[in-house]
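Chain and residue survey
What follows is the residue order along each chain.
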Amino acid sequence: MSTTHHITPVRTYVAVFVALAAFTVVTAAVAYRDFGFLNTTIALGIAVGKATLVVWYFMGVRYNTPLTRVVVVSGLFWLLILFALGMSDYLTRPWMGVPGR
Amino acid sequence: MADAHGTTLPAGGRAAAGHDAHAAGGGGQPHPRLQHHFYSMDQQLEASILGMWIFLVTEIMFFGGLFMAYIAYRTMYPDAWAAGSQHLNVWLGGANTLVLICSSLTMALAVRSAQVGSRRGQIVNLILTIVFGTTFLVVKYFEYAEKFEHHLVPGPTFDPALPAAQQLFFALYFIMTGVHAAHMVVGVALMAVILVMAWKGRFGPDYYGPVEVSGLYWHFVDIVWIFLFPLLYLLGFHLGH
Amino acid sequence: MAPAVAVPEERRSYLDAPYGIAAWLLTKDHKRIAILYLISITVFFAVGGFFAVGVRLELLTPRGDFMSADTYNKFFTLHGIVMIFFFLIPSIPATLGNFLIPIMCGTKDLAFPRINLLSWYLYVIGGLIAVGVIAGGGVDTGWTFYTPYSTTASTTNVTLAGMAAFIAGFSSILTGFNFIVTVHRMRAPGLTWFRLPLFVWAHYATSLVMILGTPVVAITLTLMMAERTLGLAVFDPKIGGDPVLFQHLFWFYSHPAVYIMILPGMGVISEMVAAVSRKQIFGYAFVAFSSLAIAVLGFLVWGHHLFVSSQSIYAGFVFSILTMLVAVPSAVKTFNWAATMYKGSVTWESPTYWVVGFMGLFLIGGLTGLFLASMGLDIHLTDTYFVVAHFHYIMVGGAIMAFLGGLHFWWPKMTGKMYSDALGKASAILVFVGFNLTFFPQFVLGYMGMPRRYYAYPEEWQALNVLSTAGASVLGLGYLLTFCYLVWSLVKGRTAPANPWGAKGLEWDTTSPPPTFNFDTDPIVDEPAYNYKPGREVRVG
């Protein structure tokens, strides 16, 4: 059978579900405490972790072809290009020393 | 010179069924669901999955534009962002997150049911997925209604006591969650179609592509919410309500 | 190539079977869909051309006397929207790409034939909406829809125009993802990546750009429409919004979009150069990889459209350097095409004329891009006719010449008819001369400071403007001539052989026109692309 026919056991799906629910509770709880700039980092880190679980297990990328993984990673990479080069403008505007900026 | 039968071929990485214009599923009639331009059900399934993932990449970039706007404005107006976030109901948002996570579980189980040939499993799980998805949309409706009441909709009705930049936050809130909700509506409709097909017994271990591919779409919409929830709802709480 | 394709006496070409209008409008055959697209984009080319005529007529005189300023704004806006979204972006991929990619991959159809048909219907729907925009009074924001004018001040059909572009964009996404899956998953036995024709590589790279870029303009237009219709203002300066954010998001797609427009043309030229030179493409791997490099690097340069927008100059530095870099792979291709023709057995039939015309015009267009990439020089040249000339050299001198050249090259294959070679050469010359007459003066005008999108200008520039308009008439004549003899060939052309140019490629191994399933027996590939033997190839038929 090709890799696309792999059947994941129910208990794996349930375990992932429990992890996702737990992470949700954690991320909400952390939001109530002040960790400074880490609040955002932790929130995004947890979100990335949850997304990875969904992609890897629920969406079956763990058992897909390398090509599928390249496609997923490329999408994320291109998003980062948009963010990085876009923010290169916003983050460096204050350097220009123009009044009001 | 390559002999088509039984050769390991570089193209596509699998042995071709060769000269047959219509490939047999297993030495006989072609599978009724095999389309004419594919030579095997495996090829058809892999092509469908690859196709759906490429479509999801377009969706990543579609939502990506919104996240770019979010990041730019949050950098410019961090206080307005934190203050705006405090107006959002974290309990409803959090509940909705859990609802969607449940729906992803039932979606994954629905695909699995098709893979093992359980018609009942498919129907139950697809119905549950639709129920969870609809619940999400209903909660969203109540959240939006609350915003209208509290004068938090950008435009002439926006609360004039609040700083102008908060209108940007709420404009993005409505657009991001609105576009997401539109995708949920499409997802629920898609699941209804799949449910009807599953009811008719169309899917089984040899043909479950449409369920898997719809599942990929559904999970993606869930992932978008996984990011929307902390970015929109959880910004301001550590600053005190 | 593959073992000789059996040609049975009664082969039913894709044009004949099945018969009837419903069989065409509900077809799943990629070749029929290509023809449907060809007819539709020709209609829109005429529409876009009409608006160009209006612009050039107004610019014959220094004063604004032919039309009002508002009307002029609508004319150049609609010229841009129609030509870019409804002609250039679909042109080669949706016609030649749709037709040839399955055949060049040795397979029966694209991966998703019904989605292919859907993409044409979406294109038509978007096109009808665009016609509605035109009939409803047009739109005057420029094809770039800049905020806050488009969101707060313009009283024209901005939302509808945004809708039209959105739907057309979705159509191109569907085309792109079809190509990617086909090339990855449906190549014939033996057809490795490095045996693929460069036409396929070019379209693969184009499809990557379509997939990754188009959604961003889609959401940008959505935001624009949301602001206009729902009052959800994201770019409004009055509440702290940044209009330049719109420009960032818009150009993130619209710069790579120009690579969507030129990469397929480069693929066409690669095929034609090899064929007319009877020679393997010089540096095949370099040309293949440079297609990918253009696609990737093209996403890193959009800020060069924002040099004078109040974008940070530090970001400007980065974008300027990256823009210089993206010229490199294009230069690699141009050198390789020239090197292929050098010491090749070049025959001078009409396709060769189109190829040579392309190379000259693309060279000028590409080099002038470097002027604009330099941020310091761009301060003076931006929003002048220099920019207009630059992009028309690439889009018209490059992309459209490649498109027409490709039509001339594959016309016998697609239609089974030969056109008059003499007329083919004549129109290539007419288009080349007309084009240069139209757009070269615009480089001079831009350098002297004539702004774009203005309907009036100082008296001393009239001579150059008149030259430009005169050139446009010659150019238009060339296009009209091409249209006439190509259509005429459908009625009176002599029957085309399977391989009129003696070229190498899977498409030349099947009949002209091909049968519905492309081949009578599934091909198996056992040799590299462009496997020309030394000496002049004997023609088949």
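Quick notes on the rules
Residues numbered from 1 in each chain as written. Chains lettered and ligands numbered in written order. Predicted model: local features only at pLDDT ≥ 70, side-chain atom pairs only at ≥ 80, totals over all residues. Helix = DSSP H or I, 4+ residues; strand = E, 2+ residues; numbered from the N terminus. Buried ≥ 20, exposed ≤ 12 C-beta atoms within 10 Å, placed from the backbone. Contact = placed C-beta atoms within 7 Å. Nonpolar A, V, L, I, M, F, W, Y, C, P; charged D, E, K, R; others polar. Expected span 1.5 Å × (residues − 1). Bend = angle between axes of the 7 residues up to and from the residue. Domains from an automatic or database assignment. pLDDT = per-residue confidence, 0-100. Core = buried A, V, L, I, M, F, W, Y, C linked by C-beta atoms within 7 Å. Arc of directions from axis to C-beta. Axes fitted to C-alpha atoms, helices over the stretch in contact; angles between N-to-C directions. Parallel < 35°, antiparallel > 145°, perpendicular 65-115°, else oblique. Left-handed = near helix turned anticlockwise from the far one by under 90°.

Quick look at the overall build of chain A now. Counting secondary structure elements, chain A contains three helices and zero strands. Listed by position from the N terminus, the elements making up chain A come as α-α-α. Based on the C-alpha atoms only, the size of chain A along its principal axes is roughly 65 × 35 × 10 Å. For chain A, buried positions account for 30% of its 101 residues. Sequence separation of 24 or more characterises 48% of the internal contacts of chain A that already satisfy a separation of 6 or more.

Listed per partner, the contact involves 14 residues of chain C and twelve residues of chain A. Secondary-structure elements contributing two or more residues to the side of chain C that touches chain A are helix 8 (198-230), helix 9 (243-277) and helix 11 (313-341) of chain C. Counting residues per element, the side of chain C that touches chain A draws most heavily on helix 11 of chain C, at four residues. Looking at the side of chain C that touches chain A residue by residue, the class counts come to nine nonpolar, five polar and no charged.

Let's shift gears to helix 1 (residues 41-76) of chain B. Residue and element names in this part refer to chain B. With 36 residues, helix 1 should cover 52 Å at 1.5 Å per step; its first-to-last C-alpha distance of 52 Å lies within 8% of that length. Maximal helix bending in helix 1 amounts to about 25°, located at Gly64. Taken across its 36 residues, helix 1 has 31 buried, putting it largely inside the fold.

What follows covers the interface of chain C and chain B. Taken together, the 43 residues of chain C in the interface contact 41 residues of chain B. Those elements that place two or more of their residues in the side of chain C that touches chain B are helix 7 (158-185), helix 8 and helix 9 of chain C. A class-by-class count of the residues in the side of chain C that touches chain B yields 27 nonpolar, nine polar and seven charged.

What follows covers the domain arrangement of chain A. All names here are of chain A. Taken domain by domain, chain A consists of domain 1 (1-64) and domain 2 (65-101). Here the C-alpha centroids of domain 1 and domain 2 sit 24 Å apart. The partner domain 2 presents four residues to the four residues of domain 1 that form the contact.

A separate point is the confidence of the model for chain B. For chain B, mean pLDDT is 87; residues scoring 70 or higher make up 86% of the total. Across residues 1-26 of chain B, confidence stays below pLDDT 50; counting only partners more than four residues off in sequence or on other chains, it has 51 contacts.

Time to look at the nonpolar core. Counting 284 residues, the largest nonpolar core has Ile54 and Leu172 of chain B as the members making the most contacts within it. Here this core gets 23 residues from one element, more than from any other, and that element is helix 9 of chain C. Each of domain 1 (1-64) and domain 2 (65-101) of chain A gives at least three residues to this core. Each residue touching Leu172 of chain B, except ones within four places of it in the same chain, is listed here: Leu66, Ala69, Tyr70 and Tyr73 of chain B together with Val234 of chain C.

The next point concerns helix 2 (residues 78-86) of chain B. All names here are of chain B. Taken as a whole, helix 2 has its buried residues at Ala80, Trp81, Gly84 and Ser85. Take helix 2 and look down its axis: the buried residues cluster within an arc of 130°, on one side only. Exposed positions of helix 2 whose direction lies more than 90 degrees from the buried face are Pro78 and Asp79. In this fold, the buried residues of helix 2 make contact with helix 1, helix 5 (165-199) and helix 6 (209-233).

Structurally, Gly132 of chain C is set in helix 5 (residues 113-135). Gly132 of chain C gets classed as partly exposed once you count the C-beta atoms within 10 Å, which come to 14.

Residues and elements named next belong to chain C. At their nearest, the axes of helix 4 (residues 91-104) and helix 9 sit 8 Å apart, and the two run at 40° to each other. On the basis of the axis angle, helix 4 is oblique to helix 9. Both helix 4 and helix 9 take part in a crossing whose hand is left-handed. In this structure, helix 4 contributes Ile92, Pro93, Leu96 and Gly97 to the contact, and helix 9 contributes Pro264, Gly265 and Val268. Looking at the contact of helix 4 with helix 9 residue by residue, the classes come out as five nonpolar, two polar and no charged.

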